[in-house]
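Each chain, letter by letter, is given below.
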Amino acid sequence: MERKFYLGFGILWTGFVLIACLADGNTVPKSSFFNIPNKDKIAHFIFYFVFSIVWLQYLIIEYKYTSKRLLAGIIFIVAALMGGVIELIQYYFTSTRSAEWADVLANCSGSLAGVLIGKAISKKRK
(Lines give C-alpha, C1' and ligand atoms only; values in the text may rest on other atoms or scores of the structure.)
Protein backbone atom coordinates (compact mmCIF):
# COMPACT_ATOMS: atom_id res chain seq x y z
CA MET A 1 0.00 0.00 0.00
CA GLU A 2 2.75 2.43 0.98
CA ARG A 3 4.69 1.57 -2.18
CA LYS A 4 1.67 2.36 -4.36
CA PHE A 5 1.14 5.66 -2.54
CA TYR A 6 4.71 6.83 -3.17
CA LEU A 7 4.62 5.68 -6.78
CA GLY A 8 1.31 7.42 -7.49
CA PHE A 9 2.23 10.59 -5.64
CA GLY A 10 5.66 10.61 -7.29
CA ILE A 11 4.15 10.42 -10.76
CA LEU A 12 1.61 13.15 -9.95
CA TRP A 13 4.25 15.40 -8.37
CA THR A 14 6.63 14.95 -11.29
CA GLY A 15 3.84 15.89 -13.69
CA PHE A 16 2.99 18.91 -11.59
CA VAL A 17 6.62 20.08 -11.58
CA LEU A 18 6.89 19.65 -15.35
CA ILE A 19 3.67 21.55 -15.98
CA ALA A 20 4.52 24.29 -13.48
CA CYS A 21 7.97 24.82 -14.96
CA LEU A 22 6.94 24.67 -18.61
CA ALA A 23 3.56 26.42 -18.53
CA ASP A 24 3.23 29.68 -20.37
CA GLY A 25 4.74 32.37 -18.12
CA ASN A 26 1.73 34.61 -18.73
CA THR A 27 -0.60 32.05 -17.10
CA VAL A 28 1.30 32.15 -13.80
CA PRO A 29 -0.73 34.38 -11.49
CA LYS A 30 0.97 37.57 -10.40
CA SER A 31 -0.03 38.19 -6.81
CA SER A 32 1.12 41.02 -4.60
CA PHE A 33 -0.20 39.04 -1.61
CA PHE A 34 2.98 36.98 -1.55
CA ASN A 35 5.49 39.76 -2.10
CA ILE A 36 8.51 37.66 -1.16
CA PRO A 37 11.87 38.25 -2.83
CA ASN A 38 13.04 35.29 -4.95
CA LYS A 39 9.78 33.41 -4.42
CA ASP A 40 10.36 31.55 -7.68
CA LYS A 41 13.61 30.15 -6.27
CA ILE A 42 11.74 29.04 -3.15
CA ALA A 43 9.20 27.32 -5.40
CA HIS A 44 11.98 25.52 -7.31
CA PHE A 45 13.54 24.40 -4.02
CA ILE A 46 10.20 23.05 -2.76
CA PHE A 47 9.41 21.32 -6.07
CA TYR A 48 12.65 19.34 -6.00
CA PHE A 49 12.65 18.86 -2.22
CA VAL A 50 9.30 17.07 -2.38
CA PHE A 51 10.26 15.26 -5.61
CA SER A 52 13.39 13.84 -3.97
CA ILE A 53 11.73 12.77 -0.73
CA VAL A 54 8.85 11.02 -2.47
CA TRP A 55 10.92 9.19 -5.08
CA LEU A 56 13.57 8.22 -2.52
CA GLN A 57 10.93 6.72 -0.25
CA TYR A 58 9.55 4.77 -3.20
CA LEU A 59 12.97 3.44 -4.19
CA ILE A 60 13.85 2.51 -0.61
CA ILE A 61 10.67 0.41 -0.39
CA GLU A 62 11.05 -1.04 -3.89
CA TYR A 63 14.77 -1.83 -3.58
CA LYS A 64 15.05 -2.52 0.14
CA TYR A 65 18.35 -4.40 -0.16
CA THR A 66 20.09 -1.63 -2.10
CA SER A 67 22.24 0.97 -0.37
CA LYS A 68 20.25 4.05 0.63
CA ARG A 69 23.27 6.16 -0.26
CA LEU A 70 23.21 4.79 -3.81
CA LEU A 71 19.46 5.35 -4.12
CA ALA A 72 19.84 8.91 -2.79
CA GLY A 73 22.60 9.55 -5.32
CA ILE A 74 20.43 8.26 -8.15
CA ILE A 75 17.53 10.50 -7.10
CA PHE A 76 19.82 13.52 -6.82
CA ILE A 77 21.28 12.91 -10.28
CA VAL A 78 17.82 12.38 -11.83
CA ALA A 79 16.52 15.57 -10.18
CA ALA A 80 19.55 17.60 -11.28
CA LEU A 81 19.25 16.31 -14.85
CA MET A 82 15.50 16.91 -14.93
CA GLY A 83 15.94 20.46 -13.64
CA GLY A 84 18.72 21.16 -16.12
CA VAL A 85 16.74 19.78 -19.07
CA ILE A 86 13.71 21.85 -18.06
CA GLU A 87 15.87 24.99 -17.99
CA LEU A 88 17.22 24.16 -21.46
CA ILE A 89 13.68 23.61 -22.74
CA GLN A 90 12.66 26.96 -21.26
CA TYR A 91 15.61 28.65 -22.97
CA TYR A 92 15.29 27.08 -26.40
CA PHE A 93 11.61 26.28 -26.79
CA THR A 94 9.54 28.84 -24.85
CA SER A 95 9.14 32.53 -25.38
CA THR A 96 7.47 33.37 -22.06
CA ARG A 97 9.86 31.52 -19.72
CA SER A 98 13.51 32.19 -19.05
CA ALA A 99 16.31 29.85 -18.05
CA GLU A 100 18.41 30.80 -15.05
CA TRP A 101 21.41 29.21 -13.37
CA ALA A 102 19.88 30.25 -10.05
CA ASP A 103 16.91 27.98 -10.79
CA VAL A 104 19.27 25.04 -11.36
CA LEU A 105 21.00 25.84 -8.07
CA ALA A 106 17.64 26.01 -6.27
CA ASN A 107 16.59 22.70 -7.85
CA CYS A 108 19.81 20.97 -6.79
CA SER A 109 19.67 22.48 -3.30
CA GLY A 110 16.09 21.30 -2.87
CA SER A 111 16.98 17.83 -4.11
CA LEU A 112 20.01 17.58 -1.82
CA ALA A 113 17.93 18.63 1.19
CA GLY A 114 15.21 16.20 0.10
CA VAL A 115 17.47 13.17 -0.14
CA LEU A 116 19.07 13.99 3.23
CA ILE A 117 15.67 14.37 4.92
CA GLY A 118 14.38 11.34 3.02
CA LYS A 119 17.20 9.18 4.34
CA ALA A 120 16.47 10.40 7.87
CA ILE A 121 12.76 9.63 7.44
CA SER A 122 13.55 6.09 6.30
CA LYS A 123 15.78 5.52 9.35
CA LYS A 124 13.01 6.65 11.72
CA ARG A 125 10.46 4.43 9.96
CA LYS A 126 12.46 1.28 10.80
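Higher on the page you've got the structure.
These numbers were taken from a predicted model, which means no experiment stands behind them. Sequence order as written defines residue numbering, which begins from 1 separately in each chain. The predicted nature of this model means local features are confined to residues of pLDDT at least 70 and side-chain atom pairs, given and counted, to a pLDDT of 80 or more, with totals for whole chains, interfaces and linings taken over all residues. Note that the side-chain values use all heavy atoms of the structure and ignore hydrogens as well as water.

The helix and strand tally for the chain stands at 4 helices and 0 strands. For the chain, the α and β elements follow one another from N to C terminus as α-α-α-α. Note on exposure labels: buried denotes an accessible area under 20% of the residue type's maximum, exposed denotes more than 50%, and partly exposed covers the range between, all computed with a 1.4 Å probe on protein chains only. The buried share of the chain, reckoned over its 126 residues, is 33%. Here the analysis covers contacts within the chain between residues at least 6 apart in sequence; of these, 83% occur between residues at least 24 apart. Areas reported as accessible are Shrake-Rupley estimates using a 1.4 Å probe. Residue values count occlusion only from the protein chains shown. Surface summary for the chain: the accessible area is close to 8200 Å², and the carbon and sulfur share equals 70%. Segments assigned H or I by DSSP are reported as helices when at least four residues long, segments assigned E as strands when at least two residues long, and all are numbered from the N terminus. When checking whether two residues touch, look at their non-hydrogen atoms; a contact exists if any pair is within 4.5 Å.

This part covers the pattern of salt bridges. We count a salt bridge whenever a side-chain nitrogen from Lys or Arg sits within 4 Å of a carboxyl oxygen from Asp or Glu. One pass over the full model with this rule turns up 4 salt bridges. Ionic pairing is found between D103 and K41, a salt bridge with its closest N-O pair at 2.9 Å. Of the two residues, D103 sits in helix α4 (residues 101-125) while K41 sits in helix α2 (residues 39-62), which places them 62 residues apart along the sequence. Neither residue differs from the other here; D103 and K41 are each classed as buried. Here the salt bridges share partners, and the residues they tie into one network are D40, K41, E100 and D103.

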